[in-house]
Structures are given as structure tokens and as C-alpha cells.
Amino acid sequence: MIREIRRERRIEMFAEGVRYDDIRRWKCGNLLTAPRLGIIIEGAGYSEKDIAALKETVGVNEDGALTIYEKRYVGQRPTPIFEDPKHYLSPIPTDEIGKAPNIKQNPGW
């Protein structure tokens, strides 16, 4: 259930510019570095013939998800960097730290 909720939020927040904030809120930044996968075809209403064709042409991982992005990208794809806890926090502006010396910068910044 949580997977479907996150999937729906990903779709809705994509064009609104708040997706990254939502990732930080859910504390699921590790999902940014996970490989991108397509749908899980088992139980999705495809015939056995269609499933066999998809497995042959597109490829399927061990969980049954389509690996469509691996076929589309030629070469070494860069791995996104998401550092925990750095990217869950925003940097505090240096002028704010200058105004109040007892404020410390967030970890990693």
C-alpha cells in the first residue's frame, strides 16, 4: 500500500516542483539512487504470450519488474548522489550564521 501511495504522490508532485521536498519528508532519499524500473508484469493482465515477448525484448529483473531504462541508455549511467543526513537538511545561509554566532551549520554543509 505504501508503494502505491508513494507512486501516486510521485506522479502528482512531479510537475509541481515539490517532489524533492516530499522525498525529504518521507525520508526516502535512498530511492533516488535505486535503479529505475517499469511495471511488474505478473498479474497486470498480460497474456502469457505478451509476458514472454516483454521478457525477451525489454527484459525483466528478479522481482518481475520491466527493466526498460537499461535498454534505452547506452553507456555508463551516472549514479545520483544522495547523502544522508546532508540532503535531508537545507544549508543555513552564512549571513544568518553571521547574525547569530550560536547557530551552527547543518551537518555536511
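The preceding data block contains the structure.
Residues numbered from 1 in each chain as written. Predicted model: local features only at pLDDT ≥ 70, side-chain atom pairs only at ≥ 80, totals over all residues. Heavy atoms only, no water.

**Considerations on the side chain of H87**
Inspection of the secondary structure puts H87 in the loop between helix 4 (68-72) and helix 5 (94-99). Judged by relative accessible area, which is 15%, H87 ranks as buried. When residues no more than four places from it in sequence are discounted, the contact partners of H87 are Y20, R24, I81, F82 and W109. (Helix = DSSP H or I, 4+ residues; strand = E, 2+ residues; numbered from the N terminus. Buried < 20%, exposed > 50% of the residue type's maximum accessible area, 1.4 Å probe, protein only. Contact = heavy atoms within 4.5 Å.)

**Overview of the pattern of salt bridges**
Counted under the stated rule, the structure contains eight salt bridges. R7 is the salt-bridge partner of E4, the closest N and O atoms lying 3.0 Å from each other. Residue E4 and its partner R7 are both found in helix 1 (residues 2-13); the two are separated by three residues, about one turn of the helix. E4 gets classed as partly exposed once you look at its relative accessible area, which sits at 41%. We note a salt bridge from R7 to E8, for which the minimum N-O separation is 3.8 Å. When its relative accessible area of 32% is taken as the criterion, R7 is described as partly exposed. Taken together, the shared-partner salt bridges connect R9, R19, D22 and R25 into one network. (Salt bridge = Lys/Arg side-chain N within 4 Å of Asp/Glu carboxyl O.)

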